[in-house]
Amino acid sequence: MYTKRNNNITFVQAINECINLQMINNKKLISFGMGINDPKRIFGSTKGLVEKFGPQRVFEVPTSENALTGIGLGLSLGGYPVLMTHQRADFFLLAFDQLINSISKWNYMYDGNSGIVNVTIRLIVGRGWGQGPTHSQNLQSVFSHFPGLKVVIPTTPYDAKGLLASSLRDPNPVIFLEHRWLHNSIGNVPSKNYFISLEKSKILKKGKDITIISTSYMTPEIKNIYKKLEYYNINFEHIDLICCKPLDRKTIINSVKKTGKVVILDTGFESNSISSEIVSMVNQYCFKNLKHQPVRITIPDIPEPTSYGLTKFYYHHSHDILKKILSIFKIKIKNIEIKDSNSLYHDVPGEWFKGPF
Amino acid sequence: MATTTGLSLNQKLKIFETCSLIRHVESEISRRYEKGKMRCPVHLSIGQEGVPAALSLILNPKDYAVSTHRAHAHFISKGGSIKKMIAEIYGKSTGCSGGKGGSMHLVDKSKGFMGSSSIVGNSIPIGVGLGLAIKLKKSKNLSVIYLGDAAVETGVFFESINFSVLKNLPVVFICENNLYSVYTSLKSRQPRNRKIYKMVKAHGLRSYFFDGSNPFSYFKKLEKILEKSRRKSEPCFIEFSTYRYLEHCGPFNDDNLDYRPKKELLKWKKKDPYLNLKKKLEKNNQQKNLIKKIEKKVYKIIDESFLFAEKSNFPLKRNLASNVYKKK
Ligand SMILES: Cc1ncc(C[n+]2csc(CCOP(=O)(O)OP(=O)(O)O)c2C)c(N)n1
Ligand SMILES: [Mg+2]
């Protein structure tokens, strides 16, 4: 089915490969979205699909986010699983009536007696390069508020492929959040079909001194300081959250019970967020085990500004993340040399990113 | 009369039967509501029976339908289980939605009634999606979307019309224009000289208007219109004028509030779909007997349905959290 390819592929390629495989396996799966068939193919993620599966199954849409979300629901109730894609999560805010008032509670509202809500919604979130207030919002906490939705936010190409496969099979609505800055990251991805649980966080590294929980682009930021943390003799446990709704309580609680310390890094705003939810969970269930107050590293409660001059102060970078974690252990550092993730400029993830979005 | 409308007696009786069923189910809800056992908002269709009565004869269980907050009549018209509907309004475990949805969230998948929404405009795109599913299946079915005159003011309505024309979907928009959104007249909501069906026509689909109160008068035309959409798998829009007799929400008459001109009310009461059909059919003595029989059957269904609801149990505590997610 698949021509031989390199074991290592990008996040976007993993997504593309997954959609391809799932559309082969499930002849009823329908995929639509604005830009899905345009020359750029949603950053390449929908490349080759319309050519292979035809315009009935892979189609371009009018700028009608709300109706299209309801249309997706109707399609699914009529027996056709749906994958929708939005180039920015911000655009999808127009669809909240359909998402919240219908999709999220359809199964409950009719006690399972209407059709199946097999709807997956890919939302790309971003940052930097002047994305500004309305093209950058990482809204995982918003989506995670509502019973009935599942919310996943993969970090690696491997997880992206397996989680998307599971999402497309799941008889529940799934919000699938992709960070634009992860799109070009490379990882080992088997070419075969595989599934990853939508309800399990991933322990990337075992340790006993502190639990570091990161979401999305914060995960490579932590990976970037692994060596430094080890240099300071911090035996940390690192969890990639992956699942925002439902939260994998067990993995988090077990870890914090063991370490007694937790730092949470999230790409969303600070208040009423995934990070605050985790802190409250930790306080509730690990109160007696805590040796230090929980620490959060998030976006401030400020919209993202557009200016290159301002975003410099807006995001956390490996350097101050390290500083914050070390301070939990009362280690003070002055200026240490860490290369910020992988670029000269703070507003791009790497040389590959040339804008415009 | 029979010759001008082209309806057989059998068709007339069937239309009347649905009309009677809707009228009496709704009236019984209204009568019993004060007892406090139906503990959810109800939007009754008394006065608006004509359109769903006519459609009940044209649609089949494989056709889909979705509706609004005022869904009882549409559900009945589609053949939905009245027992389960009443039980749902009573909040019982035997209700069509297990007591979780109430009057505004009715479903009977076996009859193609896929759901109704309490949010104005919300079910419109869902019906369009069902229409797309029909198109993909290449089956000769329709997806019927019931909406009120206020839904025409939502953005999602236009998005949905556009998409159904773009993709040429077998979707039938049924707009029941009862002149009001809660207490607010159409005059305060839409430009005075606007005709909804004409505005819709500009979007590129066949669009029609009928006085909804006399289904015998438009049945044949309606049948043809829908037949064309079915055959050609294409959308159409039909606006019906109609009028609700009771308050927007609840079992009572609210004419004391004076938000509707007395003359207007009187005019529409004269056009009472149920009473007029009955009167027409009862002109003939033999038919009078048939009507009696039909109504006896209707009363029986209603008695049984309310008894069923009254006797059913409330859902158990463990059902509170069930079905938040569908198990694989
Ligand atoms: C989006 C939204 N806005 C407001 C309401 C409150 N509301 C409930 S029913 C209704 C009237 C709708 O009028 P129409 O569509 O003409 O239907 P009718 O009640 O006349 O059958 C309104 C405004 C609502 N349910 N949803
Ligand atoms: Mg109205």
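Basis of the calculations
Residues numbered from 1 in each chain as written. Chains lettered and ligands numbered in written order. Predicted model: local features only at pLDDT ≥ 70, side-chain atom pairs only at ≥ 80, totals over all residues. Heavy atoms only, no water. Helix = DSSP H or I, 4+ residues; strand = E, 2+ residues; numbered from the N terminus. Rg over C-alpha atoms; globule rule 2.2 N^0.38 Å. Buried < 20%, exposed > 50% of the residue type's maximum accessible area, 1.4 Å probe, protein only. Contact = heavy atoms within 4.5 Å. Donors = N, O, S within 2.8 Å, 3.2 Å for Na, K, Ca; no water. Buried area = accessible area lost by both parts, 1.4 Å probe. Salt bridge = Lys/Arg side-chain N within 4 Å of Asp/Glu carboxyl O. Polar contact = N/O pair within 3.5 Å; in protein donor to acceptor, adjacent residues only side chain to side chain. Domains from an automatic or database assignment. Pairing = 2+ DSSP bridges. Axes fitted to C-alpha atoms, helices over the stretch in contact; angles between N-to-C directions. Near = heavy atom within 4 Å. Areas by Shrake-Rupley, 256 points an atom, 1.4 Å probe, with all protein chains shown as cover. Nonpolar A, V, L, I, M, F, W, Y, C, P; charged D, E, K, R; others polar. Expected span 1.5 Å × (residues − 1).

### What to know about the overall build of chain A
Here is step 1 of the chain: Counting secondary structure elements, chain A contains 14 helices and 14 strands.
Here is step 2 of the chain: Its C-alpha radius of gyration of 20 Å places chain A within 12% of the 21 Å reference for a compact globule of 357 residues.
Here is step 3 of the chain: When its C-alpha atoms are laid out on the principal axes, chain A stretches across 60 × 45 × 40 Å.
Here is step 4 of the chain: Residues counted as buried form 63% of the 357 residues belonging to chain A.
Here is step 5 of the chain: Long-range pairs, those at least 24 residues apart, make up 80% of the contacts in chain A between residues at least 6 apart in sequence.

### Comments concerning the coordination of the magnesium ion (ligand 2)
All names here are of chain B.
Here is step 1 of the chain: Coordination of the magnesium ion (ligand 2) by the protein comes from D149 (OD), N178 (OD1) and Y180 (O), over a distance range of 2.0 to 2.1 Å.
Here is step 2 of the chain: Of note, the donors binding the magnesium ion (ligand 2) are all from one chain and are spaced D-x28-N-x1-Y. In this pair, D149 is assigned in the loop between β3 (143-148) and α7 (155-166) and N178 in the loop between β4 (171-177) and β5 (180-181), connecting sequence segments 29 residues apart. We note that D149, like N178, is buried.

### Points about the interface of chain A and chain B
Here is step 1 of the chain: Listed by partner, the interface residues are 42 residues for chain A and 40 residues for chain B.
Here is step 2 of the chain: Together, the buried faces of chain A and chain B total about 3,400 Å²; carbon and sulfur atoms form 60% of this surface.
Here is step 3 of the chain: Where chain A touches chain B, the interface holds 2 salt bridges.
Here is step 4 of the chain: In this structure, B:K100 and A:D111 form a salt bridge, with 2.6 Å as the shortest nitrogen-oxygen distance.
Here is step 5 of the chain: For the pair chain A and chain B, the interface holds 20 residue pairs in polar contact (both at pLDDT 80 or more).
Here is step 6 of the chain: Contributing elements (two or more residues each) for the side of chain A that touches chain B: α3 (65-77), α5 (96-102) and α6 (106-109) of chain A.
Here is step 7 of the chain: Broken down by element, the side of chain A that touches chain B gets its largest block of residues, 10 residues, from α3(A).

### What to know about the domain arrangement of chain A
Residue and element names in this part refer to chain A.
Here is step 1 of the chain: Annotation of chain A at the domain level lists domain 1 (8-188) and domain 2 (202-344).
Here is step 2 of the chain: Spacing between the C-alpha centres of domain 1 and domain 2 amounts to 27 Å.
Here is step 3 of the chain: With 29 residues of domain 1 at the interface, the matching set in domain 2 holds 29 residues.
Here is step 4 of the chain: Here domain 1 and domain 2 share an interface that buries about 2,200 Å² over both sides, 57% of which is from carbon and sulfur atoms.
Here is step 5 of the chain: Taken as a group, R127, I153 and T155 account for 26% of the area that domain 1 buries against domain 2, more than any other trio of residues on that side.

### Some details on the sheet that holds strand β9 (residues 202-205) of chain A
Residue and element names in this part refer to chain A.
Here is step 1 of the chain: Spatially, 5 strands are ordered β9-β11-β10-β13-β14 in an open sheet, and the strand pairing comes out mixed. Unpaired on one side and paired on the other, β9 and β14 (295-299) mark the two borders of the sheet. Sheet twist, expressed as the mean angle between neighbouring strand axes with direction ignored, is 25 degrees.
Here is step 2 of the chain: Here helix α12 (residues 274-286) sits on the sheet and contacts β10 (210-214), β13 (262-269) and β14; the angle it forms with β13, its principal contact strand, is near 150 degrees.

### A few points about the site of ligand 1
Residue and element names in this part refer to chain B.
Here is step 1 of the chain: H69, R70, S118, D149 and N178 are the nearest of the 14 residues found near ligand 1.
Here is step 2 of the chain: A distance of 3.1 Å separates a nitrogen atom of ligand 1 from a polar backbone atom of V120.
Here is step 3 of the chain: Note that an oxygen atom of ligand 1 is positioned 2.8 Å from one of the side-chain N or O atoms of N178.
Here is step 4 of the chain: Coverage of ligand 1 by the protein chains reaches 70% of its 570 Å² of free accessible surface.
Here is step 5 of the chain: Here the residues of the shell around ligand 1 are counted per class, giving 6 nonpolar, 6 polar and 2 charged.

### Notes on helix α1 (residues 11-25) of chain A
Along an α-helix, residues three or four apart share an orientation, since each turn contains 3.6 residues.
Here is step 1 of the chain: The end-to-end C-alpha distance of α1(A), which contains 15 residues, comes to 21 Å, matching closely the 21 Å that a straight helix rising 1.5 Å per residue would cover.
Here is step 2 of the chain: Counting buried residues along α1(A), 13 of its 15 residues qualify, which places the element largely inside the surrounding structure.

### Observations regarding the sheet that holds strand β3 (residues 58-59) of chain A
One key point about sheets: their strands pair by backbone hydrogen bonds, in either a parallel or an antiparallel sense.
Residues and elements named next belong to chain A.
Here is step 1 of the chain: Judged by pairing direction, the sheet is mixed, and its 7 strands sit side by side in the order β3-β2-β4-β5-β7-β6-β12 without closing on themselves. Taken across any chain shown, the strands that pair with only one partner, and hence form the sheet edges, are β3 and β12 (243-245).
Here is step 2 of the chain: Two strands pair when backbone bridges link them, and strand β4 (residues 82-86) and strand β5 (residues 119-125) are joined in this way by 5 bridges, in the parallel orientation. Along β5, the bridge assignment pairs M84 with I121.

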